[in-house]
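# Structural features, examined
The chain contents come next:
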Amino acid sequence: MPAPLVLGTGLEEPIDRNGAFPRLNAEQRSRLRALGTSEPIEPGQVLFREGDEAYDFFVIEEGAIALVDGYGAANRVIAVHGRHRFVGELNLLTGSSVFLTAVVRDAGEVIRVPADVLRRVIGNDEELSNIIVRALLERRSILIGLETGHRVIGSRYSTDSRRLREFLARNRVPYHWFDLEEDEEAAVLIQAAGVEPRETPVVLLSGGAVLRNPTNAELGRGIGLGARGEPPALCDLVVVGGGPAGLAAAVYGASEGLDTQAVEGTAFGGQASTSSRIENYLGFPAGISGGELTDRAQLQAAKFGARLVVPAQAVGIQTESGHYAIELSTGDTVRGRTVVVATGAQYRRLDLPGLERFEGNGVYYAATQAEAQRCSNEPVVVVGGGNSAGQAAMFLGQRTSECRLLIRGEDLGKSMSRYLVDEIERDPRITVQTNSQVVELDGETELDAVVIANSETSERVRVPTKALFVFIGASPHTSWIREFVACDDDGFLRVGGDNALLLETSRPGIFAVGDVRSGSIKRVATAVGEGSMAVRLVHQRLASF
Ligand SMILES: Cc1cc2nc3c(=O)[nH]c(=O)nc-3n(C[C@H](O)[C@H](O)[C@H](O)COP(=O)(O)OP(=O)(O)OC[C@H]3O[C@@H](n4cnc5c(N)ncnc54)[C@H](O)[C@@H]3O)c2cc1C
């Protein structure tokens, strides 16, 4: 029996923090009114519902609207918006499915603007675009923190539970996590959904669908991630990999009139999206989180008409009547006259017995909010001497009781940017241990401790910790293309040989950009620069075909 929803008048509107809940002025509203329709609203009226594939943008002229999670069941009121505020979330622009219900609390009037009209406003009206895009991005971050939306239920020890949570987190999709071991509600929820504990992990989508241990592709489809419909028969440009390099190529390709399609194996944003704060990217003096940079770049690529496909892993490539055909893990094939390979690199693993047992459950390769939550108030160990290790240490130092940063050499400044070295040295919560490496992992079902050896003194110390973060270099994602184009000894793609354009591989029309390129600099800015630059060379190659 659904619980009746009582929308009390006492509910306060949230304060407008960081532009998440702005009020539009009379002039701004009148511009939107001219593009939409004015409609009366009545208490209890539902404007859009969890699980809907799409919805319209609403500006409140008079009255109040509540956003509800689990409408008709849990009835959790997330926020109430009143006069001159607007109702909508990032999925308005990305097209992924709706995970909150909008219910009218107080009668009044709204301006209804269809989503495709709103997208045009974002493209043409700079003032409204700034206000609306900023609010939608902020709202997404707030919702992720609130644990709303789709529900994932499973055991914390299950690798599939971890995979699904990581997939949602990497794609910045809000979700609730219910641990079968800990949350009493977990058993109630799966029973109500008719799911046996052995069928978990299960995802209960907002809107009611039940996905039993879905693949990432099934979950992606269920929540409406990425482009819908059939891929075009042949594009001017296929971008493979959606990190900063690939997203830049997609933005420039589509904005310069190329028919562009980008395919991404896990989540747009790549390594950069796992960074909690990128402080050296031009134009962001206060830093920007990798998640926000990714959300912005995706919106930008989509605005120019790039087709963004996720999750879809490239698994092979071949020539086909004068163009390239890329086979995807989904079984589809995408075809392009030119290809920009931006599949990046993956962090190396430590060579330690039992490592696999702890991966994702004590040993991590990213330091985001999700990992930090798992080890808050615990001591953590970070291994590595590069910028990513340094950033992770800074981030974790603020969220855990103690952070040890281990480097094999004796000088942190050798491979880390000076600004990070200075910050780390100033931070009393971080201890740097030089000439040190982890030689043993200890624990039964989860990590309990690591053994650290000092190469100078030969001393071995057992350090209790629930979390080891590893950032020790990278290997390229090139297994799908390694046989097809020239690579260096480590598998990174070579570019710029005889008769090749700059950034062009040994095959005409296939370019390599960002971390996947042999000799790359491994920075966000260089990846973005190369992705953008490749599009100029794509034009040149297309003209020569
Ligand atoms: C935690 C962390 C913090 C960092 N901080 C900074 C920083 O502050 N400043 C800075 O300049 N740099 C930083 N870096 C480095 C920077 O993020 C990378 O250099 C940059 O992301 C490289 O971009 P890319 O697009 O070349 O590759 P990646 O970011 O690696 O993206 C590659 C993408 O391709 C996808 N992919 C792989 N194989 C396939 C396939 N077969 N089919 C389809 N898709 C595929 C991957 O899923 C991934 O999304 C950081 C890195 C990390 C991990």
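To be clear, the structure that these remarks concern was listed above.
My aim in this report is to walk through the structure given alongside it, one point at a time. (Residues numbered from 1 in each chain as written. Predicted model: local features only at pLDDT ≥ 70, side-chain atom pairs only at ≥ 80, totals over all residues. Heavy atoms only, no water.)

## Observations concerning the environment of Glu-89
To be explicit about the condition: Segments assigned H or I by DSSP are reported as helices when at least four residues long, segments assigned E as strands when at least two residues long, and all are numbered from the N terminus. Throughout, exposure labels follow a simple rule: accessible area from a 1.4 Å probe, protein chains only, divided by the maximum for the residue type, with under 20% read as buried, over 50% as exposed, and the rest as partly exposed. Any two residues having at least one pair of non-hydrogen atoms within 4.5 Å are treated as being in contact. Two N or O atoms count as a polar contact when they lie within 3.5 Å, although within protein this holds only if one can serve as hydrogen donor and the other as acceptor, and sequence-adjacent residues are included solely when both atoms are side-chain atoms.
Topologically, Glu-89 is positioned in the loop between strand S5 (86-87) and helix H2 (91-94). Judged by its relative accessible area of 7%, Glu-89 is buried. When the C-alpha positions of Glu-89 and Ile-317 are compared, they lie 37 Å apart, and in sequence the two are 228 residues distant. For Glu-89, the contacting residues outside a window of four places in its chain are Tyr-55, Phe-99, Leu-136, Arg-139, Arg-140 and Leu-143. A distance of 2.6 Å separates a polar atom in the side chain of Glu-89 from a polar atom in the side chain of Arg-140.

## As for the sheet that holds strand S23 (residues 449-454)
Quick note on the threshold: For two strands to be treated as a pair, DSSP must find no fewer than two bridges joining them. The convention used is that axes are lines fitted to C-alpha atoms, helices contributing only their stretch in contact, and that angles between N-to-C directions extend from 0 to 180 degrees.
Ordered by their spatial adjacency, three strands build an open sheet running S22-S23-S24, and the pairing between neighbours is antiparallel. The open sheet has two edge strands with one neighbour each: strand S22 (436-442) and strand S24 (460-464). Taking each pair of neighbouring strands and ignoring which way they run, the sheet shows an average axis angle of 30°. Judged from the six bridges that link them, S22 and S23 form a sheet pairing that is antiparallel. Looking at S23, one finds that Val-438 is bridged to Ile-452.

## Some remarks on unusual backbone geometry
Cis peptide bonds are those with omega within 30 degrees of zero, and the linkage from Thr-200 to Pro-201 qualifies with 5°. Tracing the sequence through the fold places Pro-201 in the loop between helix H6 (184-192) and strand S9 (202-204). Of the consecutive residues Val-310 and Pro-311, the connecting peptide bond is found in the cis state with omega at -5°. The residue Pro-311 is located in the loop between strand S13 (307-309) and strand S14 (314-320) in this model. Its identity is not glycine, yet Asn-213 carries a phi of approximately 35°, on the positive side. In this fold, Asn-213 is placed in the loop between strand S10 (210-212) and helix H7 (216-222). Here Asn-213 falls in the partly exposed class, since its relative accessible area comes to 29%.

## Topic: the pairing of S23
Burial analysis of S23 places six of its six residues in the buried class, which makes it a mostly covered element. Covered by surrounding structure in S23 are Ala-449, Val-451 and Ala-453 together with Val-450, Ile-452 and Asn-454, the residues of both alternating faces. Turn length for the S22-S23 hairpin, with the two strands adjacent in sequence and antiparallel, is six residues, and the turn residue Gly-443 shows positive phi of about 155°. Relative to S24, S23 is paired through five bridges, and the arrangement is antiparallel. Within the sheet, the bridge partner assigned to Ala-453 lies in S24 and is Arg-460. In this structure, the hairpin formed by S23 and S24 is closed by a connection of five residues, where Ser-458 is found at a positive phi of approximately 65°.

## Quick word on the site of the ligand
Note the threshold: If a single non-hydrogen atom of a residue is within 4 Å of a molecule or strand, that residue counts as near it. Calculation of accessible area relied on Shrake-Rupley with a 1.4 Å probe; when residues are assessed, cover is drawn exclusively from the protein chains displayed. Ten residues, namely Ala, Val, Leu, Ile, Met, Phe, Trp, Tyr, Cys and Pro, are considered nonpolar, four, namely Asp, Glu, Lys and Arg, are considered charged, and the remaining ones, Gly among them, are considered polar.
Around the ligand, the structure places 36 residues, and the nearest of them are Glu-264, Gln-271, Ala-314, Gln-391 and Val-524. At 3.4 Å from an oxygen atom of the ligand is found a main-chain nitrogen or oxygen belonging to Gly-270. A distance of 2.2 Å separates an oxygen atom of the ligand from a polar side-chain atom of Gln-391. Compared with its free state, where it exposes 1000 Å², the ligand has 95% of that area covered by protein. Elements supplying a minimum of two residues to the shell around the ligand: helix H8 (244-255), strand S17 (345-347), helix H12 (387-397) and helix H14 (524-544). When the residues that make up the shell around the ligand are grouped by side-chain class, the tally is 15 nonpolar, 17 polar and four charged.

## Overview of the packing of helix H3 (residues 115-124) against helix H4 (residues 126-146)
Applied cut-off: Put simply, angles under 35 degrees are roughly parallel, angles over 145 are roughly antiparallel, angles from 65 to 115 are roughly perpendicular, and the rest are oblique. When the near helix sits turned anticlockwise from the far one by under a right angle, the crossing is termed left-handed; a clockwise turn instead gives a right-handed crossing.
Contact geometry for H3 and H4: axes closest at 6 Å, N-to-C directions at 115°. One element, H3, and the other, H4, form an angle in the roughly perpendicular class. As H3 runs across H4, the sense of the crossing is left-handed. Two secondary-structure elements touch here, H3 through Leu-118, Val-121, Ile-122 and Asn-124 and H4 through Glu-126, Leu-128, Ser-129, Ile-132 and Val-133. For the contact of H3 with H4, the residue count by class is six nonpolar, two polar and one charged.

## Structural notes on the nonpolar core
For clarity, the threshold we go by: We call a set of buried residues a nonpolar core when its members are Ala, Val, Leu, Ile, Met, Phe, Trp, Tyr or Cys and they connect through side-chain atoms within 4.5 Å of each other.
Of all hydrophobic cores here, the largest spans 40 residues; its most connected members are Leu-219 and Val-340. Where this core is concerned, the elements lending two or more residues are helix H5 (159-170), strand S8 (175-179), strand S11 (235-240), H8, helix H9 (290-303) and H14. Apart from the residues within four sequence positions on either side, Leu-219 is in contact with Leu-164, Phe-167, Leu-168, Val-203, Leu-205, Leu-211 and Pro-214. The next biggest cluster of nonpolar side chains, apart from the first, holds 38 residues, and it includes Ile-65, Leu-118, Ile-132 and Leu-137.

## Structural notes on the pattern of salt bridges
What counts is decided by this rule: Note on definitions: salt bridges are taken to be side-chain nitrogens of Lys or Arg within 4 Å of carboxyl oxygens of Asp or Glu.
Here the structure, examined in full by the defined rule, presents 34 salt bridges. The shortest N-O distance in the salt bridge between Arg-156 and Glu-182 comes to 3.1 Å. Linking Arg-156 in the loop between strand S7 (150-154) and H5 with Glu-182 in the loop between S8 and H6, this pair joins segments that are 26 residues apart in sequence. By relative accessible area, Arg-156 is classed as partly exposed at 26%. A salt bridge links Asp-236 to Arg-337, with the shortest nitrogen-to-oxygen separation between them at 2.8 Å. With Asp-236 in strand S11 and Arg-337 in strand S16 (residues 333-341), this pair connects stretches of sequence that are 101 residues apart. Take Arg-337: its relative accessible area is 35%, and that puts it in the partly exposed class. When salt bridges with common partners are traced through the structure, they connect Glu-27, Arg-31, Asp-125 and Glu-127 into a single cluster.

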